[in-house]
Amino acid sequence: MMRAVRVHEFGGLENLRIDQVPRPTPDDAEVLIQITRAGVSPLDDKVRNGVLPPSMRKPLPLVPGASAVGRVTDPGASGPAPGTRVLLCGWGYGTKLDGTWREEAAVPSSHLVPIPEQVGDDEAAALAAGAGYLTAWLALTEVARVQPGQVVLAPGIYGAVASAAAQVAPLLGASRVISTSRGADRLAALPQTDSLDVIDLETETLASGVARLTDGAGVDAVLDGLGGDLIGQALGALRQGGVVVSIGYTAGTKAAIDVTDLIWKTARLEGFLFTAFAQQELADAYGTLLGHLAAGALRPAIDRIYPLEQAAEAQRRVVEDRPIGRVFLDPQA
């Protein structure tokens, strides 16, 4: 038997329970991994609260957790050698499949990406937690198709996608990344970089901040993980031929837009989901990101690591405190 965090009914944090469950038995196409780090993200909160439709989740009970780092203990027929450190890469964990908040998991070998020797477990886990880096990479390269010299707007710098975009976009040649936050204290806590400007929404609007930072020209691409009223504002901040990529909706699912921002700017508004990408595309993207991480070009921030027994506090930390660094669980603690 092993420990796993499970949700038996939807509701508050008290519904996260530690259960003793059977250890997984891999089939011929699977690899058994010991999970050393399991990511905690806002998606887990949506799952626990029952926000996702039944078509996007398995019946309860459900093990949350969409990302993980671990070590191969049984390679099966085609997996990496025992002891290989791996990053779990696959869509549906913690939603349509039992997730990573457990001691061990049996997964397809195609869902595992080896971690370079130069990269520690914590760094790799921070790269994967919240899928911010993977989202930013795919949204910027495959959807927005950002070009060298362009300007990217990624509102909500404390979110996984925006904080990742602040590092990924310059790697792709973006000349500047603009983000947002609220309050001088939150802005002062952010790492300072030459390529990132953060608008304080307590002192100016998104439109005025973008206009100030771009001399009125606007931005080429927006990665929007917030939704709500921001969608209309983001469209208004675009320059000719720009694109808004809609990724999340923590600020709401309804938006009002001025259609002339689409028509007169010949702009695009596109949605983003991992299901649009083949499994090999996801694995290849993570392989590239791990290479950048090994080279020191990416620096994912780490906030806190909790044992499985403190999963509720870890989830509260992510949703309520909104730290700049990533939060994950240590199932082996």
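Note that the structure is predicted; figures quoted are calculated from it, not measured.

**Student:** I tried to follow the nonpolar core on my own but got confused; where do I start?
**Tutor:** When a protein is soluble and globular, its nonpolar side chains tend to lie buried together. Ranked by internal contacts, the top residues of the largest apolar core, which has 55 residues, are Leu127, Leu138, Val168 and Tyr286. For this core, the leading source of residues is helix H3 (residues 132-143), giving eight residues. Sequence-distant contacts of Leu138, defined by excluding residues within four places in its chain, comprise Val143, Phe272, Phe274, Phe277, Leu282 and Ala285. Residues Ala4, Val31, Ala38 and Tyr306 belong to the second largest nonpolar core, which totals 28 residues.

**Student:** Before we go on, may I ask you to explain the sheet that holds strand S9 (residues 176-181) in this structure?
**Tutor:** Where strands meet in a sheet, backbone hydrogen bonds hold them as pairs that are either parallel or antiparallel. A sheet is described by the order of its strands in space; here six strands give the open sequence S10-S9-S8-S11-S12-S13, paired in parallel fashion. This sheet does not close on itself; its edge strands, each paired only once, are strand S10 (196-200) and strand S13 (268-271). On average, each strand axis in the sheet is tilted by 20 degrees relative to the strand beside it, whichever way the strands run. Both strand S12 (residues 238-246) and S13 contribute to a ladder of four bridges, which runs parallel. Among the inter-strand pairings, Ser246 is bridged to a residue of S13, identified as Gly271. Across the sheet, H3 lies against strand S8 (151-153), strand S11 (219-224), S12 and S13, angled at about 140 degrees from S11, the strand it touches most. Across the sheet, helix H4 (residues 160-171) lies against S8, S9, S10 and S11, angled at about 165 degrees from S9, the strand it touches most.

**Student:** Please clarify how the pattern of salt bridges should be interpreted in this entry.
**Tutor:** Any two side chains of opposite charge can pair, so long as their charged atoms come close to each other. The final tally for this structure, using the stated rule, is 21 salt bridges. The salt bridge involving Arg6 is made with Asp19; its shortest N-O contact spans 2.8 Å. With Arg6 in strand S1 (residues 2-7) and Asp19 in strand S2 (residues 16-21), the pair connects residues that are 13 residues apart, well separated along the chain. With a closest N to O distance of 2.8 Å, Asp303 and Arg317 form a salt bridge. Taken together, the residues Asp303 in strand S14 (residues 302-307) and Arg317 in helix H10 (residues 311-321) connect sequence positions 14 residues apart. On the basis of relative accessibility, which here comes to 25%, the residue Asp303 falls in the partly exposed class. A single network of salt bridges, built from pairs that share partners, joins Asp303, Glu313, Arg316, Arg317, Glu320 and Asp321.

Quick notes on the rules
Residues numbered from 1 in each chain as written. Predicted model: local features only at pLDDT ≥ 70, side-chain atom pairs only at ≥ 80, totals over all residues. Heavy atoms only, no water. Core = buried A, V, L, I, M, F, W, Y, C linked by side-chain atoms within 4.5 Å. Buried < 20%, exposed > 50% of the residue type's maximum accessible area, 1.4 Å probe, protein only. Helix = DSSP H or I, 4+ residues; strand = E, 2+ residues; numbered from the N terminus. Contact = heavy atoms within 4.5 Å. Pairing = 2+ DSSP bridges. Axes fitted to C-alpha atoms, helices over the stretch in contact; angles between N-to-C directions. Salt bridge = Lys/Arg side-chain N within 4 Å of Asp/Glu carboxyl O.

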